[in-house]
Amino acid sequence: MSYHDVDFDYDDDEGGLIDPVWLLMICFALGIWLVINRYQSLLNRAIFFRIAPPPQIKETWTAQKLPEPSLEAHLNTDGLLPSMPLEGRKYITAYDPATAYHLDTILADSQQDITKKIADAYQAQPEWAKTSFHDRRRVMRSLKKWLVENQETCAKVACRDTGKTMLDAALGEIITTCSKLDWLINHGERVLSPEKRYNNLIMFYKKSYVYYEPLGVVSAIVSWNYPLHNAWSPIMAALFAGNSVVIKCSEHVVWSTSWFVHAIRECLRACGHSEDLVQLVCCYPEDAEALTKSPFIRHITFIGSERVGRIVAQAATEYLTPVTLELGGKDPAIILPSTDLQKYISLLMRGVYQNAGQNCIGIERILVHESQYDELFELFTERADKLRPGHSLKSPGDGVAPVADVGAMISGDRFPGLQHAIHDAVAQGAILTVGGEPWTHPYLERGSYFKPTLLGDVNPNSEIAQSELFAPIGLIIKYDTVEQAVEIANSTRYGLGASVFGPVRDECLKVAKRLHCGMVAVNDFGVFYLSQDLPFGGTKASGYGRFGGPEGLRALTNTKAIVVDRWGWAIQTSIPAVLDYPVRSVTQSWDFISGLVGFLYADGWRTRIDALVKLIRASGR
């Protein structure tokens, strides 16, 4: 039969109907997908909220300059207290350490106030614990959007309360906090989702899981050097883990922390959740026991000095409250022989002088081989001598915008101690080329400024090389061998962070592994904190426990193991007759158990088979 002999039925509509039907089905499915995708996008979209910026950061703002700035300046300076101060209550004077401007006088929390705030957080937490990770991500996403869009305002608030520069605020406050939020949004659920665990042979018929459940109310007592990040970081982690949180900020940054915490509470409200989930405590140290000894606080994160950390840890034993301590540091930077110093001088400068040296992982000791000591000392001297102290916020009468490399310190209380340590170091042979004394602002004639300082040929056993300075003071120490460099690096009582610089990565890694600390950056400074997937913390007198990363997030949960039957319909745990109470024969039961142990764990199959025979005989007697 030829092709021309085939009789085609051109009137058959069956094939013609199939294409339009499929096309309609595809369009219908695509429409459903678009609707669902749009719905999911709306659910995941950040919620907009707004809070007014404080007037104290505006260029037109003026205020009283305190003749003797201090937290209790209201006791000896007229006009700082409210018109009708509360009888028997304490107040905190907030001021700008860069200008001595009075910011506000804030009522300190009493022990009764603190107890009430803990109770409010306790009441709000159960409902929050029921939220999904989707709900918690939306809060984090809303906070991140707000922070990015208001980063200049946030940086100015931090600058006004601490005296730091805008650049230091951007690096230490904004970027790190955005990194933390981003990590929680992208990885928080994975870290806190139930984990399946492996079973051994004797448990082959079981399934084992680990669940990470909210603790309830957790607390964070944080330092003043980064008021935005130090408050937001523990709050964000606590909320994502399903907890409520009580933050106790340093008295030095009550003003800025109040505004930063207000932003989080406003975000919670905008997202439909209780503002009481986050509580801020502002008090003097002697009243903080209402927090550290509360039976309702299930975990405490402390960031601060070793002295206060010990007090917090001791108080927490009242109710066996778990504590994470991030205390002082004396971080070394080891520069291995033949390192290109020009390549890394900028990183070293940033590590020493960022935030006026008030950085828990700042570089406090630079260890350089004697063959490169002169070159490094010259480079550092040249650069440090050009650093400009000052403040970043423009005020009426400034004329031009202020330009500053190094901001003010939080207060001048430690200046005499710093000068004493510098004088002692020089007496022991150290070379002082830059700084070494407080600095007076030429226009303001106020402010807690300490000149960027450099000391060379420092004795590694001197007080200044063994004690945390937390100031813009660089110490350069010579070493003869890499072995000696490691010994010097490990010689202090601290063990927080460190850096190792060198031309060969593997050699740097060998040195890094020998350092007694919690974190090391190779050919870099402090980047282990910018990666929020890494745990943060130290050893020795630098504290214990970790925040940041999976370890830190899980530390804010109750780790619960749950074991279930794999095939419950077919096999479950049963007690063999030989082991059942009351035990009929001690000898028989012992032979059964010892045979079982031998069969499961003996080294070698012949021994295992002998044990199996023993097991069978014991069970059949």
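All of these numbers come straight from a predicted model, not from anything done at the bench. (Residues numbered from 1 in each chain as written. Predicted model: local features only at pLDDT ≥ 70, side-chain atom pairs only at ≥ 80, totals over all residues. Heavy atoms only, no water.)

(A) A look at the overall build of the chain. Along its length, the chain carries 19 helices and 20 strands. Against the 2.2 N^0.38 benchmark of 25 Å for 621 residues, the chain shows a C-alpha radius of gyration of 32 Å, more extended than a compact globule. In the chain, which comprises 621 residues, the share counted as buried stands at 49%. Residue pairs in contact within the chain that sit at least 24 positions apart in sequence constitute 71% of those at least 6 positions apart. (Helix = DSSP H or I, 4+ residues; strand = E, 2+ residues; numbered from the N terminus. Rg over C-alpha atoms; globule rule 2.2 N^0.38 Å. Buried < 20%, exposed > 50% of the residue type's maximum accessible area, 1.4 Å probe, protein only. Contact = heavy atoms within 4.5 Å.)

(B) Layout of the layout of surface pockets. A volume near 420 Å³ is recorded for the second largest pocket. In terms of residue count, helix H18 (residues 586–601) provides more of the lining of the second largest pocket than any other element does, 4 residues in total. Of the residues in the lining of the second largest pocket, the class split is 13 nonpolar, 3 polar and no charged. When residues of the lining of the second largest pocket are assigned to domains, at least three map to each of domain 1 (53–325 + 552–558) and domain 3 (573–618). (1 Å grid on protein atoms, 1.4 Å probe; cavity = no way out; pocket = protein on both sides within 12 Å on 5 of 7 lines; lining within 4 Å. Points joined across faces, edges and corners; volume = space filled by probe spheres on them. Nonpolar A, V, L, I, M, F, W, Y, C, P; charged D, E, K, R; others polar. Domains from an automatic or database assignment.)

(C) Structural context of the domain arrangement of the chain. Taken domain by domain, the chain comprises domain 1 (53–325 + 552–558), domain 2 (329–394 + 404–492 + 496–530) and domain 3 (573–618). For domain 2 and domain 3, the distance between their C-alpha centroids amounts to 65 Å.

(D) Representation of the sheet that holds strand S20 (residues 557–565). The 3 strands are arranged S3-S4-S20 in an open sheet whose pairing can be described as antiparallel. At either end of the open sheet lies a strand with only one pairing partner, and these are strand S3 (195–197) and S20. Going across the sheet, the axis of each strand differs from the next one's by a mean of 30°, ignoring polarity. Pairing geometry for S3 and strand S4 (residues 206–214), over 3 bridges, is antiparallel. Bridging from a neighbouring strand, Glu195 pairs with Val210 of S4. (Pairing = 2+ DSSP bridges. Axes fitted to C-alpha atoms, helices over the stretch in contact; angles between N-to-C directions.)

(E) Structural view of a negative patch on the surface. A surface patch of like charges, here negative, comprises Asp340, Asp374, Glu375 and Glu378. Secondary-structure assignment places Asp374 in helix H11 (residues 373–384). (Patch = residues over 30% accessible without salt bridge, like charges linked within 9 Å, V, L, I, M, F, W, Y side chains within 5 Å. Areas by Shrake-Rupley, 256 points an atom, 1.4 Å probe, with all protein chains shown as cover. Salt bridge = Lys/Arg side-chain N within 4 Å of Asp/Glu carboxyl O. Lys, Arg positive; Asp, Glu negative; His and termini not counted. Charge placed at Lys NZ, Arg CZ, Asp CG, Glu CD.)

(F) Region of interest: the nonpolar core. Residues Met140, Leu143, Trp146, Leu147, Trp232, Leu239 and Leu553 are the most contacted members of the largest nonpolar core, which totals 74 residues. Top element by residues in this core is helix H7 (residues 254–270). It accounts for 9 residues. Counting only domains with at least three residues in this core, you end up with domain 1 (53–325 + 552–558) and domain 2 (329–394 + 404–492 + 496–530). For Leu147, the contacting residues outside a window of four places in its chain are Cys154, Ile174, Thr177, Cys178, Leu181, Leu228 and Trp232. Core analysis: the next-biggest nonpolar cluster, separate from the first, contains 57 residues, Val352, Ala421, Ala430 and Ile473 among them. (Core = buried A, V, L, I, M, F, W, Y, C linked by side-chain atoms within 4.5 Å.)

(G) Spatial organisation of the sheet that holds strand S19 (residues 543–544). The 6 strands lie next to each other as S7-S6-S5-S8-S9-S19, forming an open sheet whose pairing is mixed. The sheet terminates laterally at strand S7 (278–281) and S19, the two strands that pair on one side only. Strand direction decides the pairing type here: strand S9 (residues 323–326) and S19, joined by 2 bridges, are antiparallel. From the neighbouring strand, Leu325 faces S19, where its bridge partner is Tyr544. In this fold helix H6 (residues 227–240) packs onto strand S5 (217–221), strand S6 (244–248) and S7, with an angle of close to 165° to the strand it touches most, S6.

(H) A look at unusual backbone geometry. Looking along the chain, the bond that leaves Tyr581 and enters Pro582 is cis, with omega of -10°. In this fold, Pro582 is placed in the loop between S20 and H18. Of note, Asp457 is a non-glycine position whose phi angle comes to about 50°, a positive value. Of note, Asp457 is situated in the loop between strand S15 (453–456) and helix H13 (463–466). Here the phi dihedral of Asn523 falls at roughly 55°; this positive angle occurs in a residue that is not glycine. Tracing the backbone through its elements, the reader meets Asn523 in the loop between strand S18 (519–522) and helix H16 (527–530). According to the relative accessible area criterion, Asn523 is partly exposed, its value standing at 22%.

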